[in-house]
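Secondary and tertiary structure notes
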Amino acid sequence: MAIPRFWREIPSRYNLVGSKCGNCGALDFPPRIVCPRCGRKSVGRMERMKLSGRGKVVTFTIVHDAPKAFDMLKPYVLAIVETDEGVRMTSTIIDVDPAEVKIGMPVESAFRKLGEEGEAGIIHYGYKFRPA
Amino acid sequence: MRSVSVIGVGETQFGELWDKSFRELGIEAGLRAIQDAKIAAENLDAIYVGNMSAGKFIDQEHVASLVADYSGLADQHLPTIRVEGGGACGAIAIHQADVGDVEANEILSSTTDQEWESVFGATFAGLYAMMARRHMFEHGTTREQLAAVAVKNHKHGALNPNAQFQKEITMDMVLGAPRVAEPLGLFDCAPLSDGAGALVLCASDRARKFTDTPIDLIGTGHASDFIAVHDRRDLTTIDATVIAGKRAFHAARKTPNDVKVAEVHDNFTISEVMAIEDLRFVPKGKGGFATEDGETALNARVSVNTSGGLKARGYPVGATGVAQAVEIVRQLRGEVGKRQVSGAEVGLTHTLGGTGGTAVVHLFARGD
């Protein structure tokens, strides 16, 4: 992934910054310019908002066949997490025995290395989740 | 939508076709369709090419003109249009084509959300596996029910001489296969295949000039949804399928009960389970149970994936929708031999792009 494509998203990847619609109050992550529920009524009224990082596992899988960049992590737990604010996102669950992961399990975000651009390129950081 | 009929179909073998190039595959399927329709170059009005990723995989864009050129049609100066929509390219091409030859070619996938799914380690199988896990949690679907989809589709594929895998498999083979993304294993996943399919479409009022068995395209529906799985309303439903299905059935003035043969997008076993629910062949949550009970087997209540589906016929990504339509047209003409569904009057194709960010449904019926 090209450097600007990652760099642009740093506030959300590092600090879980999403958006709140000034019209209906619903939250989105990553931040959106237009609220999917309100359409044009929301334009110009989308405020930035930091999420707590606490939530629950909605669903998960244990990935055994992974892209080369994730080879060292195999097998790893990939999950959709719903935060306490009701926003969903996809990431991995770390610091856990994969056999212990359950739907509904409480988790919290953790700042971790996500990947790197080859051996000499920049390192990507962002959120993963661990049992809370 | 104007009234359109299929007057010719063609497809290639599906599988790992190392000896054939992109253009050879497209042209092979296209020429078979044109021969099947018994038409000449002068009869064509336009070419629609459904293709995903030619730019990424073979560094070739502008593929619609390329296919026309290498089909010997450059002198006809036809309008050529390339359509892209993940795995649903070919199906969208049919949706777009009023009158014309529709061709589609193979390739692979970057159809998920790269910035908010893939970078965090989400694989294509992993995203479907998370839908499967949730489906099991909410609806009581079992691992064996998912496996039953693969066993059935391989059984059908064994009857299709163009299928990539013409071999039956057992429940134990599926359950004991290497794990890909739990609960899905190797045999829950369709392969990625080389291959192409082509259709010749014609205005229905002129179709009988070319064939005695025109197959009418009686309804189509095309819908999109949030591209990332985690943003969807319900993780066990592909809403794009629900909406595309409703649109197609409404346009055709038919109901799911009228459909006796269907090709649905089984890129993973869970996908077929959700598809037969979302298309209303069975109630929500009952897709696995219905499959296990044989309700979707050949000549059962509704025969699903008689070609072998993506699982056994093969998954020529962008060409999938056209390959599915080729099977349905042949079923409705009554020319598929051992895998023939008896008395099929109405058939359906269902094609997904990505994890359900796009879905396309077509309904076909005998023209007589």
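Residues numbered from 1 in each chain as written. Chains lettered and ligands numbered in written order. Predicted model: local features only at pLDDT ≥ 70, side-chain atom pairs only at ≥ 80, totals over all residues.

Counting its regular elements, chain B contains 13 helices and twelve strands. On C-alpha atoms alone, chain B measures out to a radius of gyration of 19 Å, which is about the 21 Å that the 2.2 N^0.38 rule sets for 368 residues. Its C-alpha atoms give chain B principal-axis dimensions of about 55 × 45 × 35 Å. Per-residue burial for chain B yields a buried fraction of 64% across its 368 residues. Long-range contacts, defined as pairs at least 24 residues apart, comprise 78% of the intrachain contacts of chain B with a sequence gap of at least 6. (Helix = DSSP H or I, 4+ residues; strand = E, 2+ residues; numbered from the N terminus. Rg over C-alpha atoms; globule rule 2.2 N^0.38 Å. Buried ≥ 20, exposed ≤ 12 C-beta atoms within 10 Å, placed from the backbone. Contact = placed C-beta atoms within 7 Å.)

In this assembly, 24 residues from chain B lie in contact with 27 residues from chain A. Elements represented by at least two residues in the side of chain B that touches chain A include exactly helix 5 (124-139) and strand 5 (179-182) of chain B. The leading source of residues in the side of chain B that touches chain A is helix 5 of chain B, at seven residues. When the residues that make up the side of chain B that touches chain A are grouped by side-chain class, the tally is 13 nonpolar, four polar and seven charged. One ladder, built from two bridges, connects strand 4 (residues 54-63) of chain A with strand 5 of chain B; its direction is antiparallel. (Nonpolar A, V, L, I, M, F, W, Y, C, P; charged D, E, K, R; others polar. Pairing = 2+ DSSP bridges.)

Glancing now at the environment of Glu-144 of chain B. Residues and elements named next belong to chain B. Tracing the chain through its elements places Glu-144 in helix 6 (residues 143-157). Classification of Glu-144 as partly exposed rests on a count of 14 C-beta atoms within 10 Å. Other than its neighbours up to four places away in sequence, Glu-144 contacts Met-171 and Glu-292.

Turning next to the pairing of strand 7 (residues 197-203) of chain B. Residue and element names in this part refer to chain B. Counted residue by residue, strand 7 has six buried out of seven residues, so it is predominantly covered. Where strand 1 (residues 4-11) and strand 7 come together, seven bridges link them in antiparallel fashion. Paired with Gly-8 across the strands is Val-200, a residue of strand 7.

Looking now at the nonpolar core. All names here are of chain B. Core analysis: the biggest nonpolar cluster contains 136 residues, and Tyr-128 and Leu-199 have the highest contact counts within it. With nine residues, the single largest contributor to this core is helix 5. Counting contributing residues per domain, this core is built from domain 1 (4-110 + 193-214) and domain 2 (118-190 + 218-366), each supplying no fewer than three. (Core = buried A, V, L, I, M, F, W, Y, C linked by C-beta atoms within 7 Å. Domains from an automatic or database assignment.)

Residue and element names in this part refer to chain B. Counting buried residues along helix 10 (residues 269-278), ten of its ten residues qualify, which places the element largely inside the surrounding structure. Of all the positions in helix 10, only Thr-269, Ile-270, Ser-271, Glu-272, Val-273, Met-274, Ala-275, Ile-276, Glu-277 and Asp-278 are classed as buried. The elements touched by buried residues of helix 10 are helix 5, helix 6, helix 9 (239-252), helix 11 (287-292), strand 10 (303-304) and strand 11 (346-353). Directly after helix 10, the chain includes Arg-280, whose backbone phi takes a positive value near 70°.

What follows concerns the sheet that holds strand 1 (residues 17-21) of chain A. Residue and element names in this part refer to chain A. With antiparallel pairing, the three strands of this open sheet are ordered in space as 2-1-3. Sheet topology places strand 2 (27-28) and strand 3 (46-50) at the edges, where each strand pairs with a single neighbour. In this structure, strand 1 lies alongside strand 3, joined through five bridges in antiparallel fashion. Paired with Cys-21 across the bridge in strand 3 is Met-46.

With that settled, the discussion passes to the packing of helix 5 of chain B against helix 10 of chain B. Residues and elements named next belong to chain B. At a minimum axis separation of 9 Å, helix 5 and helix 10 run at an interaxial angle of 55°. For the element pair helix 5 / helix 10, the angle class is oblique. Considering how the two elements wind past one another, helix 5 and helix 10 form a crossing that is left-handed. Residues Tyr-128, Met-131, Ala-132 and His-135 of helix 5 form the contact with helix 10, whose own contacting residues are Ile-270, Ser-271 and Val-273. When the residues that make up the contact of helix 5 with helix 10 are grouped by side-chain class, the tally is five nonpolar, two polar and no charged. (Axes fitted to C-alpha atoms, helices over the stretch in contact; angles between N-to-C directions. Parallel < 35°, antiparallel > 145°, perpendicular 65-115°, else oblique. Left-handed = near helix turned anticlockwise from the far one by under 90°.)

Once that is clear, we can look at the packing of helix 6 of chain B against helix 10 of chain B. All names here are of chain B. Put simply, helix 6 and helix 10 touch, their axes get as near as 8 Å, and they point 95° apart. Considered as vectors, helix 6 and helix 10 are oriented roughly perpendicular to each other. Two secondary-structure elements touch here, helix 6 through Leu-146, Ala-147, Val-149 and Ala-150 and helix 10 through Thr-269, Ile-270, Glu-272 and Val-273. Here the residues of the contact of helix 6 with helix 10 sort into six nonpolar, one polar and one charged.

Residue and element names in this part refer to chain B. Of all residues in chain B, 94% attain a pLDDT of 70 or more, and the chain-wide mean is 89. Confidence drops under a pLDDT of 50 for residues 98-110, and excluding neighbours within four residues, the segment shows 77 contacts in the predicted structure. With pTM at 0.91, the complex prediction returns an ipTM value of 0.92. (pLDDT = per-residue confidence, 0-100.)

Next up on the list: unusual backbone geometry. Following Lys-74 of chain A, the chain continues to Pro-75 of chain A via a peptide bond in cis, the omega torsion being -15°. Structurally, the position occupied by Pro-75 of chain A is in the loop between strand 4 and strand 5 (76-83).

Residues and elements named next belong to chain B. When the domains of chain B are assigned, the result is domain 1 (4-110 + 193-214) and domain 2 (118-190 + 218-366). Each of domain 1 and domain 2 has a C-alpha centre, and the two are 23 Å apart. Every contact between the two is made by 34 residues of domain 1 and, on the other side, 33 residues of domain 2. Those elements giving two or more residues to the side of domain 1 that touches domain 2 turn out to be strand 1, helix 4 (89-96), strand 4 (100-104) and strand 7. Per element, the largest residue contribution to the side of domain 1 that touches domain 2 is six residues, and it comes from helix 4.

Residue and element names in this part refer to chain A. Summarising the element assignment, Phe-6 is placed in helix 1 (residues 3-7). Accessibility expressed as a C-beta count within 10 Å gives 20 for Phe-6, which makes it buried. Put simply, Phe-6 and Lys-56 are 50 residues apart on the chain and 26 Å apart in space, counted from C-alpha to C-alpha.

Let's shift gears to the pairing of strand 6 (residues 88-93) of chain A. Counting buried residues along strand 6 of chain A, five of its six residues qualify, which places the element largely inside the surrounding structure. Hairpin connection of strand 5 of chain A to strand 6 of chain A: four residues between the antiparallel strands, including Gly-86 of chain A at a positive phi of 90°.

The next subject is the environment of Ala-74 of chain B. Residue and element names in this part refer to chain B. Mapped onto the secondary structure, Ala-74 falls in the loop between helix 3 (63-73) and strand 3 (80-83). Using a count of 11 C-beta atoms within 10 Å as the deciding quantity, one classes Ala-74 as exposed. Residue contacts for Ala-74: discarding those within four places in its chain leaves Ala-68 and Asp-69.

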